[in-house]
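Spelled out, the chains give:
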Amino acid sequence: MSDGAIATAVFGVFMVGTVALGLAAVRGRGKQGGIAEWSVGGRSLGAVFIWVLMAGEGYTSFSYLGAAGWGYNYGAPVLYVVAYMSCGYAVGYVVGPMLWSYARRHGLVSISDMVAHRYGRPWLGAGVALLVTVFLLPYIQLQITGMGVVVSTISYGAISLNWAYFIGFAVTTGFVVVSGLRGSAWVSVLKDVLVVGTLAFLALYVPQHYFDGYGPFLDRIVSEKSDWLTLPGSGGSPYGQAWFATTSLLNAVTVVIFPTTVAGYLGARSADGLRRNAIWLPAYNVLLFVPMLLGMAAVFVVPGLVGAESNLALFKLVVDSLPAWAVGVIGVAAALSSIVPMAVFMLVIGTMWGSSVLSLLPRWRTPQRQKLASQGVVVVAGGLALAMTYGAPNTLVRLSLISYEGMAQLVPILLLGLVWRKLTLAGALSGLVVGVGVVCALVFTDRDPVAGVNAGIVALALNLAVALAVTYGGPADRADPRPDEEVLARDPMDGPEGDGPDGDGPDGDGPDGDGPDGGGLSSAAPSGAAR
């Protein structure tokens, strides 16, 4: 049997297992809970599942392709990923429980719901859902592309890029439509086992195989490629110290309100479980050093990779030196690192449309109808990203440049609005419009970084300044009779939801965090102001 056939067979077995695992996650739960059960796992996932799910959100195909590619091309600037994620978990220690408590009290399932409830404007939630969809579709497309490149490479060309793209879409849609967030959490367990195992192996194998150990490898980097070890890195990189600091700061604040991160928050059984996750999640970032380091190793082993080819730096090291079955397993780990985050991206888009957009129509306001609508949107969103991957890949790749920096512009309208009652709707909207406009203008005119600073943080600073100026200088919002505790988020440490040091209860830390009442809360519709 050829190497391509062996690797393809390994990949195929694991993909079938992935779909089966995702479907098994909701065995006996198919008709429970409406949209809350599907989109946030019935708010009942325990500490273990939330940990692997949220860790999986930080470990995508970028970790195998982009991180290695950046390490290959630039070196040290790629460490911003570890910096911002670790800092983001620290911010999430405070923000995560607040958002969890707010959503739980009011029966909310997405950030668009939260914005609509905070300002008492259902149309505002719909607008946020549309904006977030624009920012998330490129991520789905990039995960499809990343999986396609991985699968085609590890199959030794036996699976074409076009078929690999379709396989990624079909597998992800197959289990996420049926199993929702719970299925993604179960598949995350399989993914993490493979990721930890394969990266631990590669961290030992590559330096020993190609350099006779870490000592000679690191000595060679220091003596021959010292530019790779300091900012701004090699190859005329524009990513210096100011960019590194501002990007780490911006992304650390943004990641805590990223819709996929919030989906993980809302799926938790308790706020205390989120706090423990925030403490332990940075340990997962140690894995990110492996593809970064291997990308730098590839500089010596496979020199001359340019453009998109540099993203295959890690796989170039293993395809020609490992047996086909091992290449297949490594490829499966990388493919699952695309499938899990892609599933949650699609889930989040479907949830926002079901709960905040289509729910504006009276016939779609019941939890079951919202779930049905959300599942339909998942298929449409994934299909659109797949079609664009085939027909106009550069369009979404171009949009991806503003995705994270654009998402950062939601920080004032969401986070500031949830802790400061005086922020007006006009102020929040004005800041959002200015922030998104500035990001688009700077990125699409190739002015990112701006004088060495991340363009997104420049836009966020202007966003915040405009929001405050309009709030203080413009008209006050119409009288809102709701009390502060109805509108604002709070730290749930001493709250009534059972979130204390023992808030998880006796079943919170089981393998799946699902005790006898694991279905969690029923899907209560958000309170009237959000509808």
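Nothing here was measured: the structure is a model prediction, and the numbers come from that model.

## What about unusual backbone geometry?
Alright, step 1. Of the consecutive residues Leu231 and Pro232, the connecting peptide bond is found in the cis state with omega at 10 degrees.
Alright, step 2. Relative to the helices and strands, Pro232 is located in the loop between α10 (214-224) and α11 (241-254).
Alright, step 3. Going from Asp448 to Pro449, the amide bond is cis rather than trans, its omega being 5 degrees.
Alright, step 4. Tracing the chain through its elements places Pro449 in the loop between α20 (425-444) and α21 (455-473).
Alright, step 5. For Ala451, which is not glycine, the phi dihedral falls at a positive 50 degrees.
Alright, step 6. Turning to its location among the elements, Ala451 is positioned in the loop between α20 and α21.

## Points about helix α1 (residues 3-24)
Alright, step 1. Helix length check: α1 (22 residues) gives 32 Å between terminal C-alpha atoms against 32 Å at 1.5 Å per residue, within 8%.
Alright, step 2. Among all positions in α1, only Gly4, Ala7, Val10, Phe11, Met15, Thr18 and Gly22 are buried. Buried positions in α1, seen along its axis, are confined to an arc of 135 degrees and lie on one side of it. Turned more than 90 degrees from where α1 packs its buried face, Val13 and Val16 sit exposed.
Alright, step 3. Contacts from the buried residues of α1 go to α8 (122-154), α9 (161-211) and α16 (324-357).

## Regarding the pattern of salt bridges
Alright, step 1. Tallied over the entire structure, the rule returns seven salt bridges.
Alright, step 2. Here Asp272 and Arg275 are joined by a salt bridge, their closest N and O atoms 3.8 Å apart. Of this pair, Asp272 and Arg275 both sit in helix α13 (residues 271-284), three residues apart, which is roughly one turn of that helix. Pair check on accessibility: Asp272 and Arg275 agree, each one buried.
Alright, step 3. In the salt-bridge network here, residues are joined through shared partners; they are Arg421, Asp480, Arg482 and Asp484.

## Structural notes on the side chain of Ser184
Alright, step 1. One can find Ser184 in helix α9.
Alright, step 2. Classification of Ser184 by relative accessible area gives buried; the value is 0%.
Alright, step 3. Aside from chain neighbours lying at most four places away, what touches Ser184 is Leu53, Phe175, Val176, Val340, Ala343 and Val344.

## With respect to the environment of Asn454
Alright, step 1. Position of Asn454 among the secondary structure elements: in the loop between α20 and α21.
Alright, step 2. For Asn454, a relative accessible area of 3% corresponds to the buried category.
Alright, step 3. Those residues in contact with Asn454 that lie beyond four places of it in its chain are Trp243, Thr246, Thr247, Leu250, Glu405 and Asp448.
Alright, step 4. Only 2.9 Å separates the side chain of Asn454 from the side chain of Thr247, close enough to count as a polar contact.

## Looking at the environment of Leu281
Alright, step 1. In this structure, Leu281 sits in helix α13.
Alright, step 2. By relative accessible area, which is 1% here, Leu281 ends up buried.
Alright, step 3. Considered as a pair, Leu281 and Ser86 are 195 residues apart in the sequence and their alpha carbons are 7.8 Å apart.

## Points about the packing of aromatic side chains
Alright, step 1. Applying the stated criterion to the full structure yields 21 aromatic pairs.
Alright, step 2. Aromatic pair Trp420 and Tyr472: ring centres 5.8 Å apart, planes at 45 degrees, arrangement tilted. Placement of Trp420 in the loop between α19 (411-419) and α20 and of Tyr472 in helix α21 is noted, with a sequence separation of 52 residues between them.
Alright, step 3. When its relative accessible area of 63% is taken as the criterion, Tyr472 is described as exposed.
Alright, step 4. Taken together, Trp70, Tyr74, Tyr80, Tyr84, Tyr139, Tyr239, Trp243, Phe258, Phe345 and Tyr404 form an aromatic cluster joined through their ring pairs.
Alright, step 5. The ring centre of Tyr119 lies 4.5 Å from the NZ or CZ of Arg118, which sits over that ring.

Thresholds applied
Residues numbered from 1 in each chain as written. Predicted model: local features only at pLDDT ≥ 70, side-chain atom pairs only at ≥ 80, totals over all residues. Heavy atoms only, no water. Helix = DSSP H or I, 4+ residues; strand = E, 2+ residues; numbered from the N terminus. Expected span 1.5 Å × (residues − 1). Buried < 20%, exposed > 50% of the residue type's maximum accessible area, 1.4 Å probe, protein only. Arc of directions from axis to C-beta. Contact = heavy atoms within 4.5 Å. Salt bridge = Lys/Arg side-chain N within 4 Å of Asp/Glu carboxyl O. Polar contact = N/O pair within 3.5 Å; in protein donor to acceptor, adjacent residues only side chain to side chain. Phe/Tyr/Trp six-rings, centres within 6.5 Å; stacked < 30°, edge-to-face > 60°. Lys NZ or Arg CZ within 6 Å of the ring centre and 35° of its normal.

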